[in-house]
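The chain contents come next:
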Amino acid sequence: MTHHRWLRVALLLLALALTTAAGQLVALAQQETAAGPPALAPETEPNDSPWEADTLYGSSQGRINPVGDVDYYRIHTRCTGLDIEISTRLPASSPLQPRVTILDADLNELASAVCSGGSPCLTLRDVTTNNCFLRVEDAAGNGGPAYEYVLQALLLDPHEPNDFISEATPLTIGQPISGIIWPQGDTDVYVFAGEAGAEFVATSGLYSGLTLLNAEGEEIAYLYGYGSEFTLPATGTYYLQTAEAEDNLTPYDLELRAIDRPRMFSFAGSGALGGVAFQAGDILKYSPLSDTWQLYFDASDVGLRGNLVAFETDYDDNLFLTYATAQSIPGVGAIRPHDVLHFVATSTGPDTSGQLEMYVDGSDVGLTTAGESVDALGMSGYGDLLFSTKGNAQLPLKVGGLLIQNNDIVHLSLESSGADTQGRWGSVLDGATFGQPRANVVALDATDVGSDAHTLLLFDRAVTLGGVGFRVNDVIDCWRASDAGVCERYERAFDGALVGPYRIDALAVPPAEVQ
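The sections below set out a description of the structure shown in this document. For clarity, every value in this text was computed on a predicted model and none was experimentally measured. (Residues numbered from 1 in each chain as written. Predicted model: local features only at pLDDT ≥ 70, side-chain atom pairs only at ≥ 80, totals over all residues. Heavy atoms only, no water.)

Focus on the layout of surface pockets
Operational definition: Lining residues are those with an atom within 4 Å of a point, where the points come from a 1 Å grid over the protein atoms alone and group into cavities, where a 1.4 Å probe fits but cannot get out, or pockets, open sets with protein on both sides within 12 Å along at least five of seven lines. Grid points are joined across faces, edges and corners, and a volume is the space filled by probe spheres set on the points. Comment: elements are numbered from the N terminus, with helices defined as DSSP H or I runs of at least four residues and strands as E runs of at least two. Charged means Asp, Glu, Lys or Arg here, nonpolar means Ala, Val, Leu, Ile, Met, Phe, Trp, Tyr, Cys or Pro, and polar covers whatever is left, Gly included.
When its volume is computed, the second largest pocket comes out at roughly 360 Å³. What lines the second largest pocket is a set of 14 residues, and nearest its centre among them are Gly-197, Ala-198, Glu-199, Ile-259 and Leu-289. Listing elements by their share of the lining of the second largest pocket, those giving two or more residues are β13 (199–203) and β18 (251–260). For the lining of the second largest pocket, the element with the highest residue contribution is β18, accounting for three residues. Class assignment of the residues belonging to the lining of the second largest pocket gives a composition of eight nonpolar, two polar and four charged.

If you want it as structure tokens, here you go:
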């Protein structure tokens, strides 16, 4: 075969191949035309079960095809506390009768309706489930390429409109309230009332946080969305305002909770406060928020007797105890007023139970005389025990000794505890700076707040400190720089009149409680 004849055959074969390919393309196009054009924001098949559900960001286009097809969607964010509004739109050529069903996370049906298009056809108020699913199907069980639809689901804030302080939503302290930042630039405002000095913590989960406003709408403070504490400067009306920006289309739960700062006391004798009876060795807990008393530690339940003259608590609810009465405790042995017991509670209150052990053997660290009996206990931010003694004391140092009086405060840095107690003494506050040489410190506690150190003091008599007069049983807050050995100012931290005729003999401040 000649070269030219081979060329003609090759060209004929190429033309035949091109003709065949063109026919296939035409056939494919005809098939696609028969199936309908692709949706602009289509569902992703398969989505025939909740486990295959498409995530729905506002709206989606879909098709019920073939006959009996069912489409599932999962709303892109949580639904709790919000309203859901469903609407559909159908092309003029679509014979679909769309039935839309809202389901919860356990696939229980919450609401259902046949949506013929146009205005919202299905609304569910105050949704109680986190995850919401939508099911779309033809009401008659039909389907096919022409059964097209657009599904739209809107999450709505049930408290709108609340964009201004004039239309603020009332906020109940301790009860979360749900909302959503929508549309972009939306701002929600909530109103509450409180007394001067009241402390709160506000949480919303919003990245852009909250703004605290006074009654005139003036900004007082910015609050981080994941929990910020604040104190009201005066009694009155206040507002919390959500920010905007990054939180568009974000649901949130706003909650305002009150902070309670309880106090714990032991008394020199027996009595009753707020209907709660106590003995001299017991501990009562007082709640300023509710103005109530409760029995926290019943000494008789754990075999202790006599007067509890000093105690402290820590963040693990352990108690450190000193009793004025020398006694023998099973499993511990003999204790004296120079010793500190450690109590690990199993339960507290009227049925107190737990384990007692020796924590500081006073004789091991130089506490032996009557004047060196422990009269007050505290704990520093570093975990050192703080002491004040009943009278003058001489505490051993590596070189020489530390002479203290009954209104001085010292710390003991423990190297070992228990039956072989070892540690180092150091001075904290020089009682001479109080200018009250006859006054004895009978109770104390300490709290470090940033660079400030707060030492709570209780004296055995009325005193005047920094020009401020304090009565018997008043708890005094000594403000000082953390590295200073003197008080810079004094404030009343607890009004002793609240305990009536009873004499406070020991105190401790447990961790704050969020109500």
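Structural notes on the packing of aromatic side chains
We apply this condition: The rule is short: rings of Phe, Tyr and Trp, with Trp giving its six-membered ring, pair when the centres are within 6.5 Å, and they are stacked under 30 degrees, edge-to-face over 60, tilted in between. Burial status follows relative accessibility: with a 1.4 Å probe on protein chains alone, a residue under 20% of its type maximum counts as buried, one over 50% as exposed, and anything between as partly exposed. Only when the NZ atom of a Lys or the CZ atom of an Arg is both within 6 Å of the ring centre and within 35 degrees of the ring normal do we say a charge sits over the ring.
Taken as a whole and judged by the stated rule, the model has 18 aromatic pairs. Relative to Phe-200, the ring of Phe-192 lies with its centre 5.8 Å away and its plane at 70 degrees, an arrangement referred to as edge-to-face. For Phe-192, a relative accessible area of 5% translates into the label buried. Phe-200 gets classed as buried once you look at its relative accessible area, which sits at 4%. Arranged with centres 6.4 Å apart and planes meeting at 40 degrees, the rings of Phe-265 and Phe-267 form a pair that is tilted. Arg-489 extends its terminal NZ or CZ atom over the ring of Trp-479, reaching a point 3.7 Å from the ring centre.

Focus on unusual backbone geometry
Across the junction of Glu-45 and Pro-46, the peptide omega takes the value 0 degrees, indicating a cis bond. Relative to the elements of secondary structure, Pro-46 occurs in the loop between α1 (3–35) and β1 (54–56). Residue Trp-182 is joined to Pro-183 through a cis peptide bond whose omega torsion reads 0 degrees. By secondary structure assignment, the location of Pro-183 is in the loop between β11 (177–180) and β12 (189–194).

Some points on the sheet that holds strand β22 (residues 283–287)
Our working definition: Only strands joined by at least two bridges in the DSSP assignment are considered to pair. Here, axes are lines fitted to C-alpha atoms. For helices the fit covers the stretch in contact, and angles between N-to-C directions go from 0 to 180 degrees.
Taken together, the four strands give an open sheet; going across it, the order is β23-β22-β19-β42, and neighbouring strands pair in antiparallel fashion. One side of each edge strand has no neighbouring strand; the edge strands of this open sheet are β23 (292–297) and β42 (504–508). Direction aside, the axes of adjacent strands within the sheet are offset by 30 degrees on average. Where strand β19 (residues 263–267) meets β42, four bridges bridge the pair, whose relative direction is antiparallel. From the neighbouring strand, Phe-267 faces β42, where its bridge partner is Ile-504.

Details of the nonpolar core
For the record, the criterion: Among the buried residues, those of types Ala, Val, Leu, Ile, Met, Phe, Trp, Tyr and Cys that are joined through side-chain atoms within 4.5 Å form a nonpolar core. We call two residues in contact when some of their heavy atoms are within 4.5 Å.
Membership of the largest hydrophobic core comes to 27 residues, with the highest contact counts inside it found for Ile-75, Ile-84, Ile-86, Leu-134, Tyr-149 and Leu-151. Breaking this core down by element, the ones donating at least two residues are β3 (70–75), β4 (83–89), β5 (98–103), β6 (109–114), β7 (122–124), β8 (133–138) and β9 (148–156). Sorting elements by how many residues they give to this core places β9 first, with four residues. When neighbours within four sequence positions are excluded, Leu-134 is seen to be in contact with Leu-56, Asp-71, Tyr-72, Tyr-73, Ile-75, Ile-86, Thr-101, Ile-102, Leu-103, Leu-151 and Ala-153.

What to know about the pattern of salt bridges
Our working definition: For this analysis, a salt bridge means a side-chain nitrogen from Lys or Arg found within 4 Å of a carboxyl oxygen belonging to Asp or Glu.
Under the defined criterion, the tally for this structure stands at 14 salt bridges. Measuring nitrogen to oxygen at the nearest pair gives 3.2 Å for the salt bridge that ties Arg-424 to Glu-415. Through salt bridges with shared partners, one network takes in Arg-471, Asp-474, Arg-492 and Asp-495.

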